Amino acid sequence: MLQLKNIDKYFADRRLFAAIDWHIRPTDRIGLCGANGAGKSTLLKLLAGLVEPDGGTIQVAKGTTFGYLPQEGLVHQGRSLVVEARSALAQLQQMEKDIRRLESSFSAQTASAELEHYAHLQQEFERRGGYLMETEVGKVLHGLGFSAEDFDKHCEHFSGGWQMRIALAKLLLQRPNLLLLDEPTNHLDLPARDWLEGYLQNYPYAVVLVSHDRFFLDQVVTRIVEVWNGALTEYPGNYSRYVSARDERIAALKAAKQQQDEEIARTEAFINRFRYQANKAAQVQSRVKQLDKIERIFLPPERKKISFSFPAPPKGGRIALSLKGASQHYGALKVLEQIDLDILQGERVALVGPNGAGKSTLMRLLAGVEKPVNGKRVAGHNLLQAYFAQDQAVTLDSARSVYAELMADAPVAMVPRLRNILGSFLFSGDDIEKPVKVLSGGERNRLALAKLLLHPANLLLLDEPTNHLDLQSKEVLLEALKKYQGTIVFVSHDRYFVDALASRVVAVGGAAIDSYPGNYGDFLAARQQLGDLTHSAKRVEQHADKDSTAESREDKDDRLKAHAQRKEEQRRQQRRERELRILEEHIEQAEGALAKLEKTMAQPELYQDQEQWRHISQNHEQLRRQLDDMYLSWEQLQES
């Protein structure tokens, strides 16, 4: 569907792409990988037609449509959310208006050509999902995390991250043949990220994306294209397969290069030795020509094996930190209500839930930055905490350089390792001398995180530490946190990071919390066993002492209540399944009746009898509306 031929692209005096050839097929799922600055975003813009190549040609199949999502910078205003989302379906809306206009103009004298045009419009409208427009808008907006209350809110009232969600929703509703996504998960929480993953797995057309979310790449893409040194190298499979295949390829390239270097050295030695001997002139010239013909093997740059470790944490108590009956309100908004939570020494607790559920509020209560309106925060024995907030970057001194800002608060023992730490957060070479005031928002966040990690602590409270980190930097941070001997409470929207680190998941939502042992995968499995419910309102179960030999009466009551709740939910689920089967039978009957009506309406002689045409047209419209209502009910039952 799209082919790049001999493409060159320059950035200032640097050759970004050197005569690249690449072919994208109609149902490809491609992930672009490579170091920062390699040209991944530029390649997406080339595909989208937003920048022109400096050489070569781009061939596009007829009828190809493009949808491009940049990393940031899109703003929507002047319309409500649902109206803005519907604007992505402008062609379908116009088609519906044309159908209605034709219907109102029909008479006994209507020409057969116009009737054929009407029938064609109806078929095309149905093929493109016109009758499900409203259902699809609701499905996509809900999937990306918008609530029903958001639908009538004007777009200018949404923050930058939600603005990008609006842009993504519009792209998905347009369903272009080639979907180009630059970091689509940057502004998504885990539930929305999971929904997008499933949506793209079932997307019927080609997708090319850049992402620093390893789990997302593993689930969505079937081909990795590595961008390096002006060239593209393809690897079949997902990201994990690419990592191993790339290592195998580099090992083979190293062996081939060593053999080639030895051959070149022998050839050059022969040339140098016999260059001035007349009786060897023909052989020397032959060797010179051989050298000229050799295609030199170039190796990708070695990935730096940067690592660091946290200072050894001071010893603390069995319970690092607790909240007892804690509530937090902002005016009439009750974000958290009567929360009981114990954080045990050595745990890795992930806070999960949709944006706005209260994860950051809970983190601030744990950190002591905010006091609860009710209840209390109880610090464990010898608690020494470090807290990384989402807006931690505002605490940096803009007058200092990157290196000076990190060194200002560094313990003496850490000073020799400062450059390695900066390197792991993408600051290397001359970057460490940049003034803080010229750093981008992402660079500031990375520096703030690097600065925070210098100090010894037995409890780390990290609110989205993986934001703005590339895949390699996330791996460095993850390995450091795995080796850390203290306690961690963290929020992250990177599924791979949460799965690899968490030993317990605390789901936040509905002003309550719910606790699940294990990582995010275990949490999802537990949710599915309960019918994939939204976060329950029940309070987190308290950890019993290990030496306890008998359950308290209160614990038994809690277990009985939980058992009764599970049974009741199973009964509700069975009722929903029965309702779903009955509804599907009604939908099938209605679709059959609608098909018969449309077959009748396609017959030209029908329009000779105005009364009969009007009667059938009214029946068709009534049946279509009933079917739309049934589709919506089916969608709601499926989601529940």
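Please refer to the structure higher up on the page.
Reference entry: report on the structure contained in this document. As the structure is a prediction and not an experimental result, all values here were calculated from the model.

**What to know about empty space enclosed by the protein**
Empty space among the atoms becomes apparent when a probe as large as a water molecule is rolled across them.
And step 1. Applying the stated rule across the entire model yields three cavities of 30 Å³ or more.
And step 2. What the largest cavity holds in volume is close to 50 Å³.
And step 3. Lining of the largest cavity is provided by Leu 69, Pro 70, Gln 71, Met 164, Arg 165, Leu 168, Asp 182, Glu 183, Pro 184, His 187 and Leu 188.
And step 4. Among the elements that take part in the lining of the largest cavity, helix α6 (residues 160-174) stands out by supplying three residues, more than any other.

**Quick word on the packing of α6 against helix α7 (residues 190-201)**
And step 1. Where α6 contacts α7, the two axes come as close as 13 Å, and the packing angle between them is 20°. On the basis of the axis angle, α6 is roughly parallel to α7. α6 and α7 meet at a crossing whose hand is left-handed. Together, Arg 165, Leu 168 and Leu 172 of α6 and Ala 192, Trp 195, Leu 196, Tyr 199 and Leu 200 of α7 make up the contact between the two elements.
And step 2. Taken together, the residues of the contact of α6 with α7 break down into seven nonpolar, no polar and one charged.

**Here's the deal with the packing of helix α3 (residues 90-105) against helix α4 (residues 112-127)**
And step 1. Packing of α3 against α4 leaves a shortest axis separation of 10 Å and a crossing angle of 145°. Here the hand of the crossing between α3 and α4 comes out left-handed. Between α3 and α4, the residues in contact are Leu 92, Met 95, Glu 96, Asp 98, Ile 99, Leu 102, Glu 103 and Ser 105 and Glu 114, His 117, Tyr 118, Leu 121, Gln 122, Glu 124 and Phe 125, respectively.

**Concerning the packing of aromatic side chains**
And step 1. Considering all chains together, one arrives at 10 aromatic pairs under this definition.
And step 2. Relative to Tyr 203, the ring of Tyr 199 lies with its centre 6.3 Å away and its plane at 40°, an arrangement referred to as tilted. For the pair shown, Tyr 199 and Tyr 203 are each scored as buried.
And step 3. Positioned above the aromatic ring of Tyr 403 is the side chain of Arg 419, whose terminal nitrogen or guanidinium carbon lies 5.2 Å from the ring centre.
And step 4. Just above the ring of Phe 427 sits the side chain of Arg 446; from NZ or CZ to the centre is 5.6 Å.

**Thoughts on the pairing of strand β7 (residues 206-210)**
And step 1. Here β7 lies mainly inside the structure; five of its five residues are buried.
And step 2. Both strand β6 (residues 178-182) and β7 contribute to a ladder of five bridges, which runs parallel. The partner of Leu 178 across the bridge, within β7, is Ala 206.
And step 3. Traced from β6 through α7 to β7, the parallel crossover comes out right-handed.

**Quick notes on the environment of Phe 125**
And step 1. Residue position: Phe 125 is located in helix α4.
And step 2. A relative accessible area of 1% places Phe 125 in the buried class.
And step 3. Note: C-alpha distance between Phe 125 and Gln 93 (32 residues apart in sequence) is 9.4 Å.
And step 4. In this structure, Phe 125 is in contact with Leu 92, Met 95, Glu 96, Ile 99, Gly 130, Tyr 131 and Met 133, ignoring residues within four places of it in sequence.

**Let's talk about a negative patch on the surface**
And step 1. Taken together, the side chains of Glu 126, Glu 584, Glu 585, Glu 588 and Glu 591 present a region of like negative charge at the surface.
And step 2. Element by element, the count of residues in the negative patch is highest for helix α18 (residues 553-601), at four residues.
And step 3. Relative to the helices and strands, Glu 584 is located in helix α18.
And step 4. Residue classification places Glu 584 among the partly exposed residues on the basis of a relative accessible area of 37%.

**Overview of the side chain of Asp 28**
And step 1. Turning to its location among the elements, Asp 28 is positioned in the loop between β2 (14-24) and β3 (29-33).
And step 2. A polar atom in the side chain of Asp 28 sits 2.3 Å from the side chain of Arg 223.
And step 3. What Asp 28 contacts, discounting residues up to four positions off in sequence, is His 23, Tyr 205, Ala 206, Val 207 and Arg 223.

**A closer look at the pattern of salt bridges**
And step 1. Following the criterion strictly, the structure yields 33 salt bridges and no others.
And step 2. For the salt bridge of Arg 193 with Glu 197, the shortest nitrogen-to-oxygen distance reads 2.9 Å. Taken as a pair, Arg 193 and Glu 197 lie in helix α7 at a separation of four residues, close to a single helical turn.
And step 3. Glu 197 gets classed as buried once you look at its relative accessible area, which sits at 11%.
And step 4. The partner of Lys 474 in a salt bridge is Asp 494, and the shortest N-O contact between them spans 2.7 Å. Placement of Lys 474 in helix α15 (residues 471-483) and of Asp 494 in the loop between β16 (487-491) and α16 (495-501) is noted, with a sequence separation of 20 residues between them. The burial state of Lys 474 is the same as that of Asp 494; both residues are buried.
And step 5. Each of Glu 96, Arg 100, Glu 621, Arg 624 and Arg 625 takes part in one network of salt bridges that share partners.

**Things to note about the sheet that holds strand β11 (residues 333-344)**
And step 1. Spatial ordering of the open sheet is given by β11-β10-β13, a layout of three strands whose pairing is antiparallel. Looking at strand neighbours, the two that pair on one side only are β11 and β13 (374-379), the edges of this open sheet. Pairs of neighbouring strands in the sheet enclose a mean axial angle of 15°, with direction left out of account.
And step 2. Where strand β10 (residues 319-330) meets β13, five bridges bridge the pair, whose relative direction is antiparallel. Each bridged residue has a counterpart across the sheet, and for Leu 321 the counterpart in β13 is Ala 379.
And step 3. Against the sheet, helix α11 (residues 359-367) touches β10, β11 and β13, its axis set at about 125° to β10.

Rules and cut-offs
- Residues numbered from 1 in each chain as written.
- Predicted model: local features only at pLDDT ≥ 70, side-chain atom pairs only at ≥ 80, totals over all residues.
- Heavy atoms only, no water.
- 1 Å grid on protein atoms, 1.4 Å probe; cavity = no way out; pocket = protein on both sides within 12 Å on 5 of 7 lines; lining within 4 Å.
- Points joined across faces, edges and corners; volume = space filled by probe spheres on them.
- Helix = DSSP H or I, 4+ residues; strand = E, 2+ residues; numbered from the N terminus.
- Axes fitted to C-alpha atoms, helices over the stretch in contact; angles between N-to-C directions.
- Parallel < 35°, antiparallel > 145°, perpendicular 65-115°, else oblique.
- Left-handed = near helix turned anticlockwise from the far one by under 90°.
- Contact = heavy atoms within 4.5 Å.
- Nonpolar A, V, L, I, M, F, W, Y, C, P; charged D, E, K, R; others polar.
- Phe/Tyr/Trp six-rings, centres within 6.5 Å; stacked < 30°, edge-to-face > 60°.
- Buried < 20%, exposed > 50% of the residue type's maximum accessible area, 1.4 Å probe, protein only.
- Lys NZ or Arg CZ within 6 Å of the ring centre and 35° of its normal.
- Pairing = 2+ DSSP bridges.
- Right-handed = clockwise from strand over helix to strand, strands pointing away.
- Patch = residues over 30% accessible without salt bridge, like charges linked within 9 Å, V, L, I, M, F, W, Y side chains within 5 Å.
- Areas by Shrake-Rupley, 256 points an atom, 1.4 Å probe, with all protein chains shown as cover.
- Salt bridge = Lys/Arg side-chain N within 4 Å of Asp/Glu carboxyl O.
- Lys, Arg positive; Asp, Glu negative; His and termini not counted.
- Charge placed at Lys NZ, Arg CZ, Asp CG, Glu CD.
- Polar contact = N/O pair within 3.5 Å; in protein donor to acceptor, adjacent residues only side chain to side chain.

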